[in-house]
Amino acid sequence: MPYAHTIKANPHWLPRISKSALRDLPGEDGLPFVGNTLRMLKDPVGFGKMMVDRYGLVFRNHAFGNPQVNMVGPDANELILFDREHIFSSEQGWGQLLNLLFPRGLMLMDFEKHRADRRILSVAFKPEPMRHYAESLNAGIAREVAGWGNRPMKFYSAVKALTLDLAAESFLGMPLGPEATRVNQAFVDEVQATVGAIRVPLPGSKMAKGTKARAYLIDLFKREIPKRRVAGHAGRDFFSQFCRATDDDGNMLSDDAIVDHMNFLMMAAHDTITSSATSLVMMLGRHPEWQEKLRAEISELGLNDADGLAYSQLDRLVLTDYAFKEALRMIPPVPSIPRRALKSFEFGGYKIPAGAYVNIAIGYTHKMPELWPDPDIFDPMRFTPEASRGRHKYAWTPFGGGAHMCLGLHFATMQMRLLMVQLLRRYRIELAPGSGAAWQPWPIPQPKDGLPLTFVPL
């Protein structure tokens, strides 16, 4: 039995179902105890393709200690993400992976509780705070990338350090200083623990390292809360706004709720953006003609050398937006999304019982040739209005969808546009031979070689 169930702090969770409950579905259970977990972690794309080819768009599987149902394609994405009938629990879906590491994070909430906390947190993403973040991000990105010219580097580690600094400034409103390395490692340990084969914090396991890292980060955040709640404190960072925010009844979030939201949002703002930035830079390095197109678009803004991109100019980077969307299509930072069925439902001619874990394959859907002709070719023009017309609304879902659509998607998009402005105005991207040829797909995609490259000054 998975540890998340054994120590369950959530008594409303449905009981675990048996493998036999899914026997009417095509599929396979894999090895005793571990199921198909190791095969999935080693090659999720190849494993998924093999299962779809063998069993179709709905199949059963056994991984991470539970029997599961996998549902592939845009119709499955729409059913589960839009969730018209409130069938699917995000809390109980993600909980098997995240319950020990990111409890009470926004992804581990459902329905009214999720809506209530999302309303409170959304104050930090309104236009005025976003304008402030744009100014801060412009300055922080320009300061860092100015020193990237003419030195061979591994882009993934460089941009990861940058996004952590930017997240600390925009989200926490504080420089991390000497603690930056430890904070970064703590997030790495938390994320790696989410896909550890051992789901209990046994000494030496990934889960043990992850839960220790969580304890360190929670203590760091809790020490800061009293400072943000002092009368007259007017910090414009996410953390300070969460500390001041109130619900419809005028009640503030509890300290525990604040630190859990910060822990999850900091991880997402730093790890998923790192993955997305790396995939986009890799694609631009492989396709220099697109570097030139984006550079020309940026030059049309008429920015002075000392200028960053103003918040009001973000929407003018149309081709940059297309390129970012195409990079997210090819390498989504969250390649699959789990849910749990709270009641039975039917899909694809099969009846799926309450209590079943269900997964939708974002990464697979993004490569389906019937939706995306020549899916392995980088073609940002797929996202023009003309090319998008008639395409299934849920064919492209790197930010999820429905009530759980990523709260920070506009922040991520803004940060990526600002990064492209600062990079492409200064440099030509030149990848090392073979750079980025192989990627580690889980838990958040990253190139195994770190993406060696050189930024050549223009």
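So, how was this worked out
Residues numbered from 1 in each chain as written. Predicted model: local features only at pLDDT ≥ 70, side-chain atom pairs only at ≥ 80, totals over all residues. Heavy atoms only, no water. Pairing = 2+ DSSP bridges. Helix = DSSP H or I, 4+ residues; strand = E, 2+ residues; numbered from the N terminus. Phe/Tyr/Trp six-rings, centres within 6.5 Å; stacked < 30°, edge-to-face > 60°. Buried < 20%, exposed > 50% of the residue type's maximum accessible area, 1.4 Å probe, protein only. Lys NZ or Arg CZ within 6 Å of the ring centre and 35° of its normal. Salt bridge = Lys/Arg side-chain N within 4 Å of Asp/Glu carboxyl O. pLDDT = per-residue confidence, 0-100. Contact = heavy atoms within 4.5 Å.

Student: Outline the sheet that holds strand 9 (residues 427-431), supporting the account with residue identities and numerical values.
Tutor: In space, the 3 strands of this open sheet follow the order 4-12-9, with antiparallel pairing throughout. Single-partner strands in this sheet number two, and they are strand 4 (153-154) and strand 9.

Student: Tell me what's going on with the packing of aromatic side chains, and back it up with residues and numbers.
Tutor: Under the criterion given, the structure shown has 16 aromatic pairs. With 6.0 Å between their ring centres and 80° between their planes, Phe102 and Phe264 make a pair best called edge-to-face. You can see Phe102 sitting in the loop between helix 5 (90-98) and helix 6 (111-121) and its partner Phe264 sitting in helix 12 (residues 255-286), a full 162 residues away along the chain. Taking relative accessible area as the criterion, Phe264 reaches 10% and is therefore assigned buried. Between Phe238 and Phe411, the ring centres sit 5.6 Å apart and the planes meet at 75°, which makes this aromatic pair edge-to-face. Of this pair, Phe238 sits in helix 11 (residues 238-244) while Phe411 sits in helix 17 (residues 409-424), and the two are 173 residues apart along the sequence. The two residues Phe238 and Phe411 agree in class, both being buried. An aromatic cluster of three or more residues is present, and its members are Phe125, Tyr133, Phe238, Phe242 and Phe411. Taking NZ or CZ as reference, Lys325 lies 5.9 Å from the ring centre of Trp396, over its face.

Student: Can you explain the pattern of salt bridges? Please cite residues and give values.
Tutor: Under the criterion given, the structure shown has 27 salt bridges. For the salt bridge of Glu326 with Arg329, the shortest nitrogen-to-oxygen distance reads 2.7 Å. Placement of the pair is Glu326 and Arg329 together in helix 14 (residues 318-330), with a separation of 3 residues, close to one helical turn. Here the two residues Glu326 and Arg329 agree in accessibility, since each one is buried. Close ionic contact of Glu430 with Arg428 constitutes a salt bridge, the shortest N to O distance being 2.6 Å. Relative accessible area serves as the criterion here: at 35%, Glu430 is assigned to the partly exposed category.

Student: I'd like to hear about the confidence of the model for the chain, residue by residue, with values.
Tutor: In this model, the chain carries an average pLDDT of 89, and 96% of its residues clear a pLDDT of 70 or more. Note on residues 1-9: pLDDT under 50 across the span, and 20 contacts to partners over four residues away in sequence or across chains.

Student: Break down unusual backbone geometry for me, citing the residues and quoting the values.
Tutor: A cis amide bond links Trp442 to the next residue, Pro443, at an omega of -10°. Its place among the elements puts Pro443 in the loop between strand 10 (439-440) and strand 11 (446-447). Of note, Arg104 is a non-glycine position whose phi angle comes to about 65°, a positive value. You can see Arg104 is positioned in the loop between helix 5 and helix 6. We note that Leu451 has phi near 65°; this positive angle belongs to a residue other than glycine. Judged by its relative accessible area of 0%, Leu451 is buried.

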